[in-house]
Each structure stands twice: as structure tokens, then as C-alpha cells.
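The residues making up each chain are set out below.
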Amino acid sequence: MVGKLIDGIKKTGAPIVVGLDPKLEYVPEHIQKAAFKEYGENLEGAAQAIWEYNKKIVDATYDLIPAVKPQIAMYETLGIEGLKAFQKTVDYCHEKGLVVIGDIKRGDIGSTSEAYAVGHLGKVTIGGKTFSGFNEDFVTVNPYLGSDGVKPFVKICQEENKGLFILVKTSNPSSGEFQDRLIEGRPLYELVAEKVVEWGSELMEQGYSNVGAVVGATYPEIGRALRKAMPKSFILVPGYGAQGGKGADLVDYFNEDGLGAIVNSSRGIIAAYKQDKYARFGAEHFEEASRQAVLDMIEDISGALKNAK
């Protein structure tokens, strides 16, 4: 699967992923009104509004980007109706040729971990036929429970040619409470990075592993060290834009081949029309604001990578 991601990055020249993390407050009023009129001012109506919002953003940006990253929690707020919107979003993005990274951050053990892996990446057999559940291409995994929580996902990835992004050093301010703790003189995130390399050593495509890492844009010095520690692992980089990261901070997350990292922006793109910079588009043309935000992000990151050579 990492091969498909690499192909998409090469085709678009955009090592970025759009985080489809919708909140109802992001959805312009005209979309909400239309959905509520047809489905009611309820969970179903709200989920429909979010689906229509996602669809317009995908339609406006899919030709510019290789991947999207829907955060499942945003959909779970609306219960089953929200999960239906999540599924429709995953399926539609696949129709548009995009790689889908399911940001699910699962972390359990044994049969429970296996069930999460099957539900999001694998297949179930029913009456002699096989069916996919959510069917993302990659998912995010929390490694806090150790190899018992990760290996069931690795097994499914081997069977289905899917991929993982393991949380190594996250972008949030309190991540250091645990992740930076020294163990025999070494930070915990460094030990997790070593396990990422180990877990992905037999899942290689085009020189990269299907098991990658999440490393926040907000800690560029750590990102530089982790790039060296995981030379064949793709790094998913949250924290760009709204959390303060910018292109110049991200150069060292990439390898010399210009690959090895994919940078996420969520509300900075999907709610771009709410920013002063893109206010000229207005809520009626919010998707055009999102497209311009993607173009600006591509220019920022590409320019930083060129200047670093």
C-alpha cells in the first residue's frame, strides 16, 4: 500500500494529506439547512450535512493530493449515522483514487486488537462470502500496550497489503509526559521508533515499509532524529498549520529522495473559508477556499524542500 501512496505523491508533487475531521460548526449554513430540511434537524440530518461537506471538499481537491485522513471520532459524535457518513466518505475517496488513512488510534490486545484490524483493514467471511468493513488503506495505531497490540494489525497488513502509522511522537503539548521519558538514558519515543522498524521490516514496497510512524510537526528537532532512526518508514506529520507547523520546519522529516513523509492539515484546509486569508471565497464557495489552501500548502512545503537542497 505504501507503493500506492508513493505513486500518488510523485504524480501530484504534493506530500500532503487532507484531514477530513469535520465538525458541524465547520459546515456552512446553506448545507446544514438543506440537509435538515430533507432529513430533519437530528443525527441523520447532521450526518448528511457532514457527508455533503466532505464530498464538496474532496471534489475540489482530489486532483491535487494523494491521500485523505478522516478522523473517526468526529463521525462517532453522531453515532451510527455519523459512522455511515464516515463509510460513505471512505468509499467516495476510493472512487476518486485517493489513499485513505483512517485515523482511528486503536490500541488493544489479542482478539480485540485483531477485531479492530479486521474491521478497518481486513475482511470477514459471512455465508461463504467475504466482505470488507470500513476498508481504509492505512490506520493509526497506539503502541502503548506493546507488540501484542500491534502484531494483529501487522498480520492483516501482510494479508491485505494495507498499512499502519504507529504513534511515536505526537504533536500535542503534553506528549512529553510519557513519550519523552528516559529509559536507560534514551527517550521512550526512540525505543518505539526501533519497534516500528522491526514491525515493518518484512512489509516493504519501493524501498519503504508499510508500517510508518506518526511524528508531530511541532517537534522538528525530534523529527530530525527520528527520520534517521527510521530511514525506510514513512512519517505521517500532524501539526501543520493550525497547530503552528510550517514547511520550513518539516524539511528534515523527508529523505534525500524527497519522499518518506506526508504532512497532514485538517481544519486549516477543510475550514479554510473561516480564515481571514480565504474570507474572499465566502461560505457559499467554501470548497474553493479549501482548494486554494491546498495549493498554498503545496507551495509552502515544496518551496521549503527545494530551498533545502
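Residues numbered from 1 in each chain as written. Predicted model: local features only at pLDDT ≥ 70, side-chain atom pairs only at ≥ 80, totals over all residues. Heavy atoms only, no water.

Participant: Describe the overall build of the protein, listing the residues and the values that go with them.
Facilitator: Scanning the protein from N- to C-terminus turns up 12 helices and 13 strands. By the compact-globule yardstick of 19 Å for 309 residues, the protein fits well, its C-alpha radius of gyration being 19 Å. Dimensions of the protein, computed from C-alpha atoms along their principal axes, come out at roughly 60 × 55 × 35 Å. Looking at the 309 residues of the protein, the share that counts as buried comes to 52%. (Helix = DSSP H or I, 4+ residues; strand = E, 2+ residues; numbered from the N terminus. Rg over C-alpha atoms; globule rule 2.2 N^0.38 Å. Buried < 20%, exposed > 50% of the residue type's maximum accessible area, 1.4 Å probe, protein only.)

Participant: How would you sum up the packing of helix α3 (residues 43–61) against helix α12 (residues 286–308)? Please name residues and give values.
Facilitator: To characterise two packed helices, one gives the angle between the axes of the helices and the distance between these axes. Interhelical geometry of α3 versus α12 gives an angle of 45° and a closest axis separation of 9 Å. The angle between α3 and α12 falls in the class oblique. The handedness of the crossing between α3 and α12 is right-handed. In this structure, α3 uses Tyr53, Lys56, Ile57, Ala60 and Thr61 to contact α12, whose residues at the interface are Phe286, Glu287, Ser290, Arg291 and Val294. Residue classes in the contact of α3 with α12 are distributed as 5 nonpolar, 2 polar and 3 charged. (Axes fitted to C-alpha atoms, helices over the stretch in contact; angles between N-to-C directions. Parallel < 35°, antiparallel > 145°, perpendicular 65-115°, else oblique. Left-handed = near helix turned anticlockwise from the far one by under 90°. Contact = heavy atoms within 4.5 Å. Nonpolar A, V, L, I, M, F, W, Y, C, P; charged D, E, K, R; others polar.)

Participant: Summarise the side chain of Asp296; cite the residues concerned and give the values.
Facilitator: Turning to its location among the elements, Asp296 is positioned in helix α12. Those residues in contact with Asp296, other than ones at most four positions away along the chain, are Lys277 and Tyr278.

Participant: Summarise the nonpolar core; cite the residues concerned and give the values.
Facilitator: Counting 80 residues, the largest nonpolar core has Leu20, Leu164, Ile166, Val168, Leu250 and Ile301 as the members making the most contacts within it. The next biggest cluster of nonpolar side chains, apart from the first, holds 18 residues, and it includes Leu5, Ile101, Phe138 and Ile262. (Core = buried A, V, L, I, M, F, W, Y, C linked by side-chain atoms within 4.5 Å.)

Participant: Just give me the short version of the packing of helix α6 (residues 110–121) against helix α7 (residues 147–160), but keep the residues and values in it.
Facilitator: Between α6 and α7, the least distance of the axes is 8 Å, while the angle of their chain directions is 35°. In this structure, α6 crosses over α7, and the sense of that crossing is right-handed. From α6, Gly110, Ser113, Glu114, Tyr116, Ala117, Val118 and Leu121 reach across to α7, where they touch Asp148, Gly149, Pro152, Phe153, Ile156, Cys157 and Glu160. The residue makeup of the contact of α6 with α7, split by class, is 8 nonpolar, 3 polar and 3 charged.

Participant: Can you lay out the pairing of strand β4 (residues 123–126) for me, pointing to particular residues and giving the numbers?
Facilitator: In the sheet, β4 pairs with strand β5 (residues 129–132) via 4 bridges, with the strands oriented antiparallel. Bridge pairing links Lys123 to Ser132 in β5. Taken together, β4 and the strand that follows it, β5, pair antiparallel across an intervening segment of 2 residues, in which Gly127 is found at a positive phi of about 60°. (Pairing = 2+ DSSP bridges.)

Participant: Break down the pattern of salt bridges for me, citing the residues and quoting the values.
Facilitator: Opposite charge on two side chains makes pairing possible when the charged atoms of those side chains draw close. For the coordinates displayed, the defined rule picks out 16 salt bridges. Of the charged contacts in the structure, one is a salt bridge between Lys195 and Glu198, with a shortest N-O distance of 3.2 Å. With Lys195 and Glu198 both in helix α9 (residues 188–199) and 3 residues apart, the pair spans about one turn of that helix. Judged by relative accessible area, Glu198 falls into the partly exposed class, the value being 44%. Here Lys277 ties to Asp296 by a salt bridge, and the two come within 3.6 Å at their closest N and O atoms. Here Asp296 lies in helix α12 and Lys277 lies in the loop between α11 (267–270) and α12, a separation of 19 residues in the sequence. Judged by relative accessible area, which is 52%, Lys277 ranks as exposed. When its relative accessible area of 18% is taken as the criterion, Asp296 is described as buried. Several salt bridges share partner residues, and in doing so they unite Lys55, Asp59 and Lys96 into one network. (Salt bridge = Lys/Arg side-chain N within 4 Å of Asp/Glu carboxyl O.)

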